[in-house]
Amino acid sequence: MAEVYQSPSIDEATSALTSQFPDVKIVSTAERRIKMTCPREISHDVCQFIHDNLTFEHCSVVTGVDYVDHMTVVYLLSNYYNGLMIDMDVDVPVDDLHIASVSDIWGGANWHERETWELFGIVFDNHPRLERLLTPKNYEFFPFRKSYKMRSQE
Amino acid sequence: MDMSLYPHAVAMSADEFMTWSDAIINDLLSTGTKKTVDKLTGPIWAWGMKNSMHPLHWGLACCALEMAAASAPRYDAERYGMIYRSSPRQTDILLVNGWISKKIRPDLRRLYEMIPNPKWVVAMGECAISGGPWYDSYNCVQGLDQIVPVDVYIPGCPARPDAMIDGFMLLQKKIENYFERGNFMED
C-alpha cells in the first residue's frame, strides 16, 4: 500500500504517481499545477489513487476535446488542503469512444460526464445514468464535435 | 355617440338621460347588441386591464434580474399595476426574459396556452427577440416569435428596468386599443 499524503507537494505527488503507475507521464508542472497524461486503460485506477492516496477530494471539471483524429477527456482535480490541481488528459480513439466513469470516486463527476457524453458522444462505462442532461432527449447528434456544423456553416 | 358621455349616466338630468338612452337604443338597433355592449364595457375593461398588468413570474435568464430591479424601490413598476403572479391562470401577460432552450420550448408553449384570454406576450432582451448571442445555436430557439405571437419587443442585452417599464407602457396602449376595437365578446 502506497503512502497516503494529505497535502502533497508537487514533487511528492509526481513521484508517487510515476512510481505507482509507470505509464503516467508528467507533461509539465507549474505553481500549484501538475499537467499529466495517462493511458485510457488505467485511468480509473489512477483516479482512485489520486483520490485515496493524494487526497484530491474535489473533481472540478470533466470535459472533452475533439482533436478530430482522436478525442481527449480532461479531468481537473484539486486538493482542498493546499490548492494543488492536477490536469489529467486521457486520449480516447475516435473509433472506440469508451472510458471508465469516475462518478463512483467523485459524485460530482456524475453530471460532468453526462454533459460530456451529450456534447461529445464519449461513453463513460459504468456510469449510473448516462442520459442527456441539458439537450432534449430526442437529439441524435453531438453538438460539440468538429463534424457537427451549424446551419450557417453548411 | 361620444363615448365620454357614458360615465355621465350617474349624474344627469331627466332630459339628458332620455337623450343618452335614446342614443344607446339607436346604437343597439343600428349596430347590434354585441357591438353596443363592447362599446359600453370596452373602456371599463381597458381601464381595469391596463392598470393591473399581471405578468407571469417566470425568470428565465439574466433579464430576470432587470425584471427584479424594475419591481424594486428605485423603479417600482408596481405603481403601474405590474404584479408578478406565479400561476399562469392568474396572469394575462407572458413576459419571456431570456434564451429559450429547445428543452423548455414545449413548456413555454404550454404556459402560453394556460393563460386565459385575452393575453399578451412580451419578448424582453436580445435572446427572446432573435436568439441574440445564441444565434444559430444548436440548443436555442431563434426568437420567441417562432413559438407564440409576440406583442411587444423590448431590446437590450439585458434591457434596462426603465426600458422594460417603457415597454409595458407601450403595452398599456395596445391593451387600450384592443378593447377599443371591441373584440372582447369574440373571445
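Since the structure is predicted, the reported quantities are computational estimates derived from the model, not experimental observations.

1. Regarding the overall build of chain A
1) Next: Along chain A, the regular secondary structure elements total three helices and seven strands.
2) Next: A compact globule built from 154 residues would reach a C-alpha radius of gyration of about 15 Å, and chain A, at 16 Å, matches this within 12%.
3) Next: The buried share of chain A, taken over its 154 residues, is 28%.
4) Next: Restricting the contact set of chain A to residue pairs at least 6 apart, pairs at least 24 apart contribute 48%.

2. Topic: the overall build of chain B
1) Next: Across its full length, chain B carries six helices and three strands.
2) Next: Each helix (α) and strand (β) of chain B, taken in turn from the N terminus, gives the series α-α-α-β-α-β-α-β-α.
3) Next: Computed over C-alpha atoms, the radius of gyration of chain B comes to 20 Å, more than 25% over the 16 Å expected from 2.2 N^0.38 for 187 residues, which places it beyond the range of a compact globule.
4) Next: Taken along its principal axes, the extent of the C-alpha atoms in chain B is 70 × 35 × 25 Å.
5) Next: The buried share of chain B, reckoned over its 187 residues, is 27%.
6) Next: The contacts of chain B with a sequence gap of at least 6 include a subset with a gap of at least 24, amounting to 77%.

3. Observations concerning the nonpolar core
Generally speaking, a soluble globular protein has its nonpolar side chains buried in company with each other.
Residues and elements named next belong to chain B.
1) Next: The biggest cluster of nonpolar side chains holds 37 residues, and the ones touching the most others in it are L95, V96, V122, A123, M124 and A128.
2) Next: Those elements that provide at least two residues to this core are α3 (63-71), β1 (93-97), β2 (120-124), α5 (125-130), β3 (152-154) and α6 (161-181).
3) Next: With six residues, α6 is the largest single contributor of residues to this core.
4) Next: Beyond its immediate stretch of four places on either side in the chain, M124 contacts C63, L95, V96, N97, I154, A159 and M164.

4. What to know about the interface of chain B and chain A
1) Next: Across the contact, five residues belong to chain B and seven residues belong to chain A.
2) Next: For the side of chain B that touches chain A, the per-class residue count stands at one nonpolar, one polar and three charged.

5. Considering the sheet that holds strand β4 (residues 70-78) of chain A
Residue and element names in this part refer to chain A.
1) Next: Taken in spatial order, the five strands line up as β1-β2-β5-β4-β3 in an open sheet, and their pairing is mixed. The strands lining the two open edges of the sheet, one partner per strand, are β1 (25-30) and β3 (58-66). Strand after strand, the sheet turns through a mean of 20° between neighbouring axes, direction not considered.
2) Next: As paired strands, β1 and strand β2 (residues 33-37) are joined by five bridges and run antiparallel to one another. Opposite K25, over in β2, you have T37 as the bridge partner.

6. Quick look at the environment of S137 of chain B
1) Next: Mapped onto the elements, S137 of chain B comes out in the loop between α5 and β3.
2) Next: Sequence spacing of S137 of chain B and S101 of chain B is 36 residues, and the spatial spacing of their C-alpha atoms is 9.5 Å.

7. What about the confidence of the model for chain B?
Atom-level detail of predicted coordinates should not be read off regions where pLDDT is low.
Residue and element names in this part refer to chain B.
1) Next: Across chain B, the average pLDDT comes to 85, with 91% of residues at or above 70.
2) Next: Within chain B, helix α2 (residues 33-50) has the poorest average pLDDT of any element, 80, and β3 the best, 93.
3) Next: Here the complex is predicted with pTM 0.77, and the ipTM for its interfaces comes to 0.71.

8. Looking at the pairing of β2 of chain B
Residues and elements named next belong to chain B.
1) Next: Among the five residues of β2, five are classified as buried, and the element is accordingly described as predominantly covered.
2) Next: Every second residue of β2 is oriented toward a common face, with W120, V122 and M124 on one face and V121 and A123 on the other, all of them buried.
3) Next: Summarising the sheet, β1 and β2 pair through five bridges and their orientation is parallel. Note that in β2 the partner of L95 across the bridge is V122.

9. Describing the sheet that holds β1 of chain B
The strands making up a sheet associate through hydrogen bonds between their backbones, and the pairing can be parallel or antiparallel.
Residues and elements named next belong to chain B.
1) Next: Strands sit in the order β1-β2-β3 across an open sheet of three strands; the sheet is parallel. The strands lining the two open edges of the sheet, one partner per strand, are β1 and β3. With direction set aside, neighbouring strand axes in the sheet form an average angle of 15°.
2) Next: Across three bridges, the pairing between β2 and β3 is parallel.

10. Concerning the packing of helix α1 (residues 14-31) of chain B against α2 of chain B
Angle between the axes and distance between the axes: these two values describe a pair of packed helices.
Residues and elements named next belong to chain B.
1) Next: The contact between α1 and α2 brings their axes to 7 Å, and the two run at 135°. The orientation of α1 relative to α2 falls into the category oblique. Contact residues: I24, D27, L28 and T31 in α1; T33, K35, T36 and K39 in α2.

11. Here's the deal with the packing of α3 of chain B against α6 of chain B
All names here are of chain B.
1) Next: For the pair α3 and α6, interaxial distance at closest approach is 8 Å and the crossing angle is 80°. The angle between α3 and α6 places the two elements in the roughly perpendicular class. Along its contact with α3, which presents E66, M67, A69 and A70, the element α6 presents P161, M164 and I165.
2) Next: Per-class residue counts for the contact of α3 with α6 are six nonpolar, no polar and one charged.

Calculation notes
Residues numbered from 1 in each chain as written. Chains lettered and ligands numbered in written order. Predicted model: local features only at pLDDT ≥ 70, side-chain atom pairs only at ≥ 80, totals over all residues. Helix = DSSP H or I, 4+ residues; strand = E, 2+ residues; numbered from the N terminus. Rg over C-alpha atoms; globule rule 2.2 N^0.38 Å. Buried ≥ 20, exposed ≤ 12 C-beta atoms within 10 Å, placed from the backbone. Contact = placed C-beta atoms within 7 Å. Core = buried A, V, L, I, M, F, W, Y, C linked by C-beta atoms within 7 Å. Nonpolar A, V, L, I, M, F, W, Y, C, P; charged D, E, K, R; others polar. Pairing = 2+ DSSP bridges. Axes fitted to C-alpha atoms, helices over the stretch in contact; angles between N-to-C directions. pLDDT = per-residue confidence, 0-100. Parallel < 35°, antiparallel > 145°, perpendicular 65-115°, else oblique.

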